[in-house]
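Observations on the model geometry
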Amino acid sequence: MTSDPNRVIIFDTTLRDGEQSPGATMTHDEKLQIAEMLDEMGVDVIEAGFPIASQGDFEAVSEIAGRAKDARICGLARAQVGDIDRCWEAVRHAARPRIHTFIGTSRLHRAIPNLSMDEMAERIHECVTHARNLCDDVQWSSMDATRTEFDFLCRTVEIAIKAGAATINIPDTVGYTAPRESADLIRRLIETVPGADEVTFATHCHDDLGMATANSLAAVEAGARQIECTINGLGERAGNTALEEVVMAMKVRHDIMPFETGIDATKIMGVSRVVSAVSGFVVQPNKAVTGKNAFAHESGIHQDGMLKNRDTFEIMRPEDVGLSETSIVLGKHSGRAALRSKLEALGYELGDNQLRDVFVRFKDLADRKKEVMDDDLVALMQSGERAA
Ligand code: KIV
Ligand code: ZN
């Protein structure tokens, strides 16, 4: 996909793993809208759905495939010939289609279809070969890889590579791994599996223990070059790796993570808001990068620092992710400098004595109200003028 060894492919699965989040079902048109926004923001691969899952998913994947401009369009299929055929029917409309097929390889997952290791190995060979006969671009996932016996994991990956998969995904399906382990696993696979240097390793992390972003970045440092993620970290249970977090981490800490993506980060807030609105999943206020408070400052010390030099409390600019400005929130922790600055923005120029008086009344109000809004300040100024 790219010859730059430090280029990380961003594979967005908001429309597949994200939509699997209980209650996050999206309509056909909502999916088209999100796919278009992801394409525009520079996502490399859009996993548009699971075509065998329903007629609706099949139709959405087909239409997204037909409309995509730059992104590869991928569909998910279990390691079953019928699933793979259905997936191909949907994605083949894309200029750059991808079939993503998977099976659970850990002991727990092998017990569900009741397959022995040999039977599973045979199934992987058959399914990846079948997918590869349909499509040039095939991705293989050994689901629950982080809990799969290492030797067997190597065997599954080697079979998939030999059968023609170009991307090998190593999912941490239940969010069980930790950063050092995530890195070690990718490093050992690359060192051990014949043909590993010919393919792209992908990391697909869930956030059950709050480590999805750290685990994904650790995997990249160890050699993975595709991160699977979703907008706002939407996804099964505690969610998936959040796209905005890994992208901004690699930008802001480029000094220690010198990796590139094709993402136009200024589009992040716009997509985040649309995904939140259509999924009905509110972004928690203190969520990294896209939370309402991610660029808000309330305490007097922080506000004063920000007004003098933004670098004191801001490691990235709100404009970098598509917000127009930092928000200085006035509340009981705010100081005089922030109050003066806010009043000036509202058109009030105050002398020091006047400010002292308004500040006393402002603190009184802030003790009663969580956040003092612009309207409150105007009312405060008017009541002061009437009293004078
Ligand atoms: O979490 C997971 O293992 C998955 C696979 C289907 C890739 O979503
Ligand atoms: Zn997943």
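Looking at an unreviewed UniProt entry, one finds the protein named 2-isopropylmalate synthase, with Hasllibacter halocynthiae as its source organism. Of the protein, the UniProt comment under Cofactor (unreviewed entry) reads exactly: "Mn(2+)". UniProt, in the comment section headed Sequence similarities (unreviewed entry), describes the protein in these words: "Belongs to the alpha-IPM synthase/homocitrate synthase family. LeuA type 1 subfamily."

The side chains of a regular strand alternate between the sheet's two faces. Residues Ile9 and Phe11 of strand E1 (residues 9–12) are buried on one face, and the alternating residues Ile10 and Asp12, pointing to the opposite face, are buried as well. Where E1 meets strand E8 (residues 226–229), four bridges bridge the pair, whose relative direction is parallel. Bridged to Ile10 within E8 is Ile227. Where E1 and strand E2 (residues 45–49) come together, two bridges link them in parallel fashion. Bridge pairing in E2 links Asp12 to Ile46.

Under the local residue numbering, the UniProt record ascribes the feature "binding site: Mn(2+)" (unreviewed entry) to Asp17, His204, His206 and Asn240. Maximum C-alpha separation among the annotated residues is 10.4 Å over a sequence range of 224 residues, consistent with a single clustered spot. In this structure Asp17 comes out as buried when scored by C-beta crowding, with 24 C-beta atoms within 10 Å. If sequence neighbours within four positions are ignored, Asp17 has contacts with Thr230, Gly235, Glu236 and Asn240. By the secondary structure assignment, Asn240 is in the loop between E8 and helix H10 (243–252).

Next up on the list: the nonpolar core. Formed by 91 residues in total, the largest nonpolar core has its most connected members in Ile10, Ile46, Ala48 and Ile73. Once you skip the residues sitting within four places of it in the chain, Ile46 turns out to touch Asp12, Leu15, Ala35, Leu38, Asp39, Ile64, Ala68, Ala71, Ile73 and Cys74. Counting ten residues, the second largest nonpolar core, distinct from the first, contains Met306, Leu330, Leu339 and Leu377.

Attention now moves to the site of ligand 1. Lining the immediate environment of ligand 1, one finds Asp17, Phe102, Ser141, Met143, Asn169, Pro171, Thr173, His204 and His206. Of the residues that constitute the shell around ligand 1, the class distribution is three nonpolar, five polar and one charged.

The next subject is the packing of helix H2 (residues 28–41) against helix H3 (residues 55–67). The interhelical angle for the contact between H2 and H3, taken along N-to-C directions, is 30°, at an axis separation of 10 Å. For the pair H2 and H3, the crossing hand works out as right-handed. Between H2 and H3, the residues in contact are His28, Lys31, Leu32 and Ala35 and Gly56, Glu59, Ala60, Glu63, Ile64 and Arg67, respectively. Its residues placed into classes, the contact of H2 with H3 shows four nonpolar, two polar and four charged.

The backbone phi angle of Arg237 is positive, close to 50°, even though this residue is not glycine. Inspection of the secondary structure assignment puts Arg237 in the loop between E8 and H10. Of note in the backbone geometry, Val289 takes a positive phi value of approximately 70° without being a glycine. By secondary structure assignment, the location of Val289 is in the loop between helix H11 (268–279) and strand E9 (296–297). Overall, the presence of 25 C-beta atoms within 10 Å leaves Val289 in the buried class.

What counts as what
- Residues numbered from 1 in each chain as written.
- Chains lettered and ligands numbered in written order.
- Predicted model: local features only at pLDDT ≥ 70, side-chain atom pairs only at ≥ 80, totals over all residues.
- UniProt positions renumbered as here; feature names shortened; annotations may be inferred.
- Buried ≥ 20, exposed ≤ 12 C-beta atoms within 10 Å, placed from the backbone.
- Helix = DSSP H or I, 4+ residues; strand = E, 2+ residues; numbered from the N terminus.
- Pairing = 2+ DSSP bridges.
- Contact = placed C-beta atoms within 7 Å.
- Core = buried A, V, L, I, M, F, W, Y, C linked by C-beta atoms within 7 Å.
- Near = placed C-beta within 6 Å.
- Nonpolar A, V, L, I, M, F, W, Y, C, P; charged D, E, K, R; others polar.
- Axes fitted to C-alpha atoms, helices over the stretch in contact; angles between N-to-C directions.
- Left-handed = near helix turned anticlockwise from the far one by under 90°.

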